[in-house]
Protein chains: 2
Amino acid sequence: MSDKTIVTLEKIVALCKRRGFVFPSAEIYSGLNGVYDFGPMGTLLKQNIKKLWLKNVKSFDEEVVLLDGSILGAPQVWTASGHVENFSDPMVDCLNCKKRFRADEFDLTKGCPFCSKKELTDVRQFKLMFETQVGAMADQTSIAYLRPETAQSIFINFKNVYSTTRVKFPFGIAQIGKAFRNEITPKQFLFRMREFEQMELEFFCKPEQTDKYFDIWVQRRKDFYISLGLTPEKIRLRPHEKDELSHYSKGCKDVEYNFPFGWKELEGIANRVDFDLSQHTKHSGKDLSVFDQETQQSFMPNVVECSVGVERLFLTLLFDAYHEDVVENETRISLKLNPKVAPITCAVLPLTKKVAESAENVYLDLKKAGYNVQYDLSGSIGKRYRRQDEVGTPVCFTFDFDSIEDQKVTARNRDTLQQERIPVDQLKNYLDNLLKE
Amino acid sequence: MSDKTIVTLEKIVALCKRRGFVFPSAEIYSGLNGVYDFGPMGTLLKQNIKKLWLKNVKSFDEEVVLLDGSILGAPQVWTASGHVENFSDPMVDCLNCKKRFRADEFDLTKGCPFCSKKELTDVRQFKLMFETQVGAMADQTSIAYLRPETAQSIFINFKNVYSTTRVKFPFGIAQIGKAFRNEITPKQFLFRMREFEQMELEFFCKPEQTDKYFDIWVQRRKDFYISLGLTPEKIRLRPHEKDELSHYSKGCKDVEYNFPFGWKELEGIANRVDFDLSQHTKHSGKDLSVFDQETQQSFMPNVVECSVGVERLFLTLLFDAYHEDVVENETRISLKLNPKVAPITCAVLPLTKKVAESAENVYLDLKKAGYNVQYDLSGSIGKRYRRQDEVGTPVCFTFDFDSIEDQKVTARNRDTLQQERIPVDQLKNYLDNLLKE
């Protein structure tokens with residue numbers, strides 16, 4: 001087999017649709033732009049991503065506790081955070097072709113980027129927060145926002161968490177949850193969506209510890225992506241320039257990945273100092289500072305934030321895992337996903353219908369033990385291998401006529417294509433080893 | 001110790017706040033009615049609930065695959081489902097005291113239930129779906145709804161899932177995700193919320209299989225609650241009367257729990273026949289029927305739905321587990337949660353600061369192995385036991401002076417209060433046994 005991979009966004013989108021990873025949301029009704037539904041394979045992949053992220057951020061000596069905040073947000077939260085005033089993109093309309101687009105993504109001096117006419121409106125600020133109304137009163141007092149980031153749920157609950165858990169500094173609060181941004185032009189499939197899921201760690205430090213932990217977390221986060229199996233050469237760290245820094249940030253580094261469309265942010269690690277807790281102290285009138293028993297003084301905790309989108313990592317993993325090679329004179333597509341990441345850990349394939357019942361019992365046994373396993377009886381064994389290759393299943397167990405006699409199956413490796421006979425009663429051990437770090 | 005438990009909603013709310021299970025959302029800004037944030041203990045408990053539900057629905061012979069649909073929903077979906085037209089509650093206002101409430105929950109013939117004046121408006125239908133606008137056009141075409149149930153995400157993706165996974169009938173599609181209902185009067189804490197999480201299984205059958213699988217799933221779902229440790233006497237099945245049945249339902253049974261405020265629905269199991277797929281076929285123009293190779297005929301799959309709210313089950317588990325007894329002349333509150341359900345599986349407690357470092361190493365070892373474990377050094381050992389009792393931790397490992405010598409800890413049982421010495425190198429086995437079914 002020879003590798004001849006050229007990966008494109010179009011190939012990934014097609015694979016995601018074909019194999020049940022991702023469907024446009026409400027596709028039978030022509031979809032909702034920038035919003036997606038995740039099919040069986042996609043849901044399993046998302047589950048693995050979230051599980052591995054959470055396990056990773058909890059794996060260090062410092063304590064990390066969890067939070068699960070609401071999506072509906074009181075307007076005061078987003079006023080304090082600065083989103084009501086500042087969270088918007090510059091938008092422009094073309095009066096000729098009626099297109100609407102982001103003013104900062106095109107050179108407008110030559111006219112409309114779509115029809116070339118110079119009939120553009122002035123640039124206006126378009127608010128990116130989704131708005132709704134809560135309760136039966138339809139007036140200003142009932143406005144709520146869908147949170148545009150999960151971070152603020154953590155900050156507004158900081159005192160509640162701190163006082164109920166008795167954690168010691170430094171410590172983290174981790175959250176996985178949905179966030180929503182009404183992008184003017186969502187694009188690149190899962191890269192920039194209107195509804196997405198964030199994995200955020202807010203790590204609270206005494207002020208003098210912050211710089212140190214910023215560096216520590218930058219390294220830890222980069223290591224995490226290597227541990228998932230991403231190609232190390234396609235990952236880099238990029239410190240933000242002074243003029244890119246957000247107003248609340250003392251320093252920021254992005255973990256970038258080399259996508260087919262260029263080096264782009266995968267995760268941002270930011271030193272937010274005490275910006276958020278100070279803002280909420282000011283706006284809520286509740287003092288969010290903390291009393292230090294050692295120094296007998298109060299201080300406002302500082303924050304190191306690590307923030308990544310589930311779907312963006314999902315897309316990165318697919319790009320990185322996508323391979324084409326030639327096997328038996330045919331192009332074979334496979335996802336070389338780390339077994340911990342792969343949606344299906346193994347497939348059980350009866351060679352023919354005559355051994356289907358025995359094979360199915362092997363499958364059910366593995367399934368009931370909690371492994372992500374598939375059973376497939378349809379089509380030639382070659383076609384079935386290809387289907388598993390395309391969803392990244394690291395191993396297929398083929399049950400043949402000999403299997404009934406010797407109680408062994410043929411384990412076929414996705415990447416090497418090598419086959420070996422494994423006793424049926426050793427399959428769980430085999431899978432456990434595969435999933436081990 | 002003697003049991004003298006009287007459990008009330010107020011006690012549960014107070015415990016949830018005190019121990020970091022649940023906080024009113026955006027509490028520092030006076031909250032958002034009917035919306036909650038989940039603290040460290042609550043997030044762990046929710047995680048366990050979701051994990052156990054998923055494991056359970058996937059544990060049977062029939063295949064169950066997963067879906068994760070979007071929250072933002074195209075309006076056509078909710079027109080087809082009947083929600084745009086029918087999903088509303090009758091609402092009335094009192095012109096005197098300005099209260100607004102559900103007309104069907106009070107006897108209005110005597111006047112306002114709050115101020116007794118007979119100055120009520122006519123009853124109007126209040127729409128329960130949250131509305132927002134997607135994209136930069138603020139007009140009718142941009143309306144989207146926050147899904148009021150997760151089920152429709154499954155129905156509109158039925159054909160996508162069926163064609164990409166090659167599943168055989170009968171099979172299930174399971175989904176866990178958020179749903180939103182703009183209740184006029186949210187109430188009873190987590191029982192009826194405006195933002196909540198559903199766990200839904202839509203089980204697709206050939207029409208002639210449906211009645212059989214309806215009965216099978218009713219039994220399985222009841223068994224599930226028993227397996228979680230809920231008191232069997234507080235669970236019952238109640239078939240819906242003909243006049244309570246939804247228009248789409250051929251039969252429905254509720255699993256009810258005996259809450260302090262009466263027998264109420266915990267889960268609904270409904271025979272939805274082919275209502276949903278037929279509606280979406282009609283409204284989308286896409287034929288969602290399936291061709292049966294055996295009979296060489298097309299049929300519209302029928303659906304058995306099992307639907308429960310994560311937070312309602314959360315509340316049920318707390319009510320059921322809540323105990324008060326008298327230990328050493330003091331009232332002790334404990335949550336007698338099944339170890340699989342309990343947010344923290346064990347706590348490691350150094351008897352004094354002198355053994356803190358050794359104890360912390362035991363804790364870190366368990367934590368890095370992935371157990372949900374807490375370390376607590378603050379206060380008397382009795383106080384620390386009480387804190388763990390209140391969050392339902394089934395066992396505490398106390399590290400004392402002897403522990404350094406004999407490498408054993410004292411395991412103290414939450415329910416029996418019995419203590420036994422366990423070798424440190426046996427703790428993982430001990431916990432694995434505790435978590436075993």
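Next up on the list: the interface of chain B and chain A. When the parts of a complex come together, some accessible area is lost, and that lost area is often used as the size of the interface. Each partner contributes residues to the interface: chain B has 79 residues there, and chain A has 80 residues. Connecting chain B to chain A are four salt bridges. At the boundary of chain B with chain A, the tally comes to 37 residue pairs in polar contact (both at pLDDT 80 or more). Counting residues per element, the side of chain B that touches chain A draws most heavily on helix 2 (residues 40-57) of chain B, which supplies six residues. Looking at the side of chain B that touches chain A, its residues break down into 33 nonpolar, 23 polar and 23 charged.

A word on the sheet that holds strand 9 (residues 143-146) of chain B. Residues and elements named next belong to chain B. Taken together, three strands build an open sheet; the order of strands is 4-9-8 and the sheet is antiparallel. The open sheet has two edge strands with one neighbour each: strand 4 (72-73) and strand 8 (131-133). Where strand 4 meets strand 9, two bridges bridge the pair, whose relative direction is antiparallel. Across the sheet, the residue bridging to G73 is Y145, located in strand 9.

Relating the two copies of this chain is a rotation about some axis coupled with a shift parallel to it. For these two chains of identical sequence, chain B goes onto chain A by a turn of 180° and a shift of 0.0 Å along the axis, with RMSD 0.1 Å. Expressed as an axis order, the relation between the two copies is that of a two-fold axis. Taking C-alpha positions as the reference, the residue of chain B nearest the rotation axis is T132 of chain B, at 2.6 Å. Mapped onto chain A, 100% of the interface residues of chain B are again interface residues, and the two copies thus contact each other with one and the same surface.

When you tally the buried positions in helix 11 (residues 381-391) of chain A, you get eight out of 11 residues, the bulk of the element. Immediately beyond the C-terminal end of helix 11 of chain A, within one or two residues, lies G392 of chain A, with a positive phi of roughly 85°.

The subject of this paragraph is the pattern of salt bridges. Here the structure, examined in full by the defined rule, presents 70 salt bridges over all chains. Its salt-bridge partner being R272 of chain B, residue E305 of chain B comes within 3.0 Å of it at the nearest N-O pair. Taken together, the residues E305 of chain B in strand 17 (residues 302-309) and R272 of chain B in strand 14 (residues 262-273) connect sequence positions 33 residues apart. In this structure, E305 of chain B and R272 of chain B share a single accessibility class: buried. Shared partners join several salt bridges into a network, and the residues in it are K46, K50, E197 and E311 of chain A together with D68 of chain B.

The next point concerns the sheet that holds strand 21 (residues 373-375) of chain A. All names here are of chain A. With mixed pairing, the five strands of this open sheet are ordered in space as 21-20-22-23-24. Whereas interior strands pair on both sides, the edge strands pair on one side only; in this sheet they are strand 21 and strand 24 (419-423). Between one strand axis and the next, the sheet turns through 30° on average, direction left out of account. One ladder, built from five bridges, connects strand 23 (residues 408-413) with strand 24; its direction is antiparallel. By the bridge assignment, V409 is partnered in strand 24 with I422. Its contacts with the sheet put helix 13 (residues 427-435) on strand 20 (346-350), strand 22 (395-399), strand 23 and strand 24, and the angle it makes with strand 22 is roughly 165°.

Evaluated as defined, the whole model comprises 56 aromatic pairs over all chains. On the basis of an interplanar angle of 80° and a centroid distance of 5.4 Å, the ring pair of F60 of chain A and W217 of chain A is categorised as edge-to-face. Of the two residues, F60 of chain A sits in the loop between helix 2 (40-57) and strand 3 (63-66) while W217 of chain A sits in helix 7 (residues 210-227), which places them 157 residues apart along the sequence. Each member of the pair, F60 of chain A as well as W217 of chain A, is classed as buried. One aromatic cluster in this structure is built from F155, F158, Y162, F169, F171, F204 and F299 of chain A. Positioned over the ring face of W217 of chain B is R220 of chain B, at 4.6 Å from the centre of the ring. The ring of Y385 of chain B has R412 of chain B sitting right over it, with the charged end atom 4.3 Å from the ring centre.

Parameters and conventions
- Residues numbered from 1 in each chain as written.
- Chains lettered and ligands numbered in written order.
- Predicted model: local features only at pLDDT ≥ 70, side-chain atom pairs only at ≥ 80, totals over all residues.
- Heavy atoms only, no water.
- Contact = heavy atoms within 4.5 Å.
- Salt bridge = Lys/Arg side-chain N within 4 Å of Asp/Glu carboxyl O.
- Polar contact = N/O pair within 3.5 Å; in protein donor to acceptor, adjacent residues only side chain to side chain.
- Helix = DSSP H or I, 4+ residues; strand = E, 2+ residues; numbered from the N terminus.
- Nonpolar A, V, L, I, M, F, W, Y, C, P; charged D, E, K, R; others polar.
- Pairing = 2+ DSSP bridges.
- Least-squares fit on C-alpha atoms with pLDDT ≥ 70 in both.
- Buried < 20%, exposed > 50% of the residue type's maximum accessible area, 1.4 Å probe, protein only.
- Axes fitted to C-alpha atoms, helices over the stretch in contact; angles between N-to-C directions.
- Phe/Tyr/Trp six-rings, centres within 6.5 Å; stacked < 30°, edge-to-face > 60°.
- Lys NZ or Arg CZ within 6 Å of the ring centre and 35° of its normal.

None of the figures reported here should be taken as evidence of function without further support.
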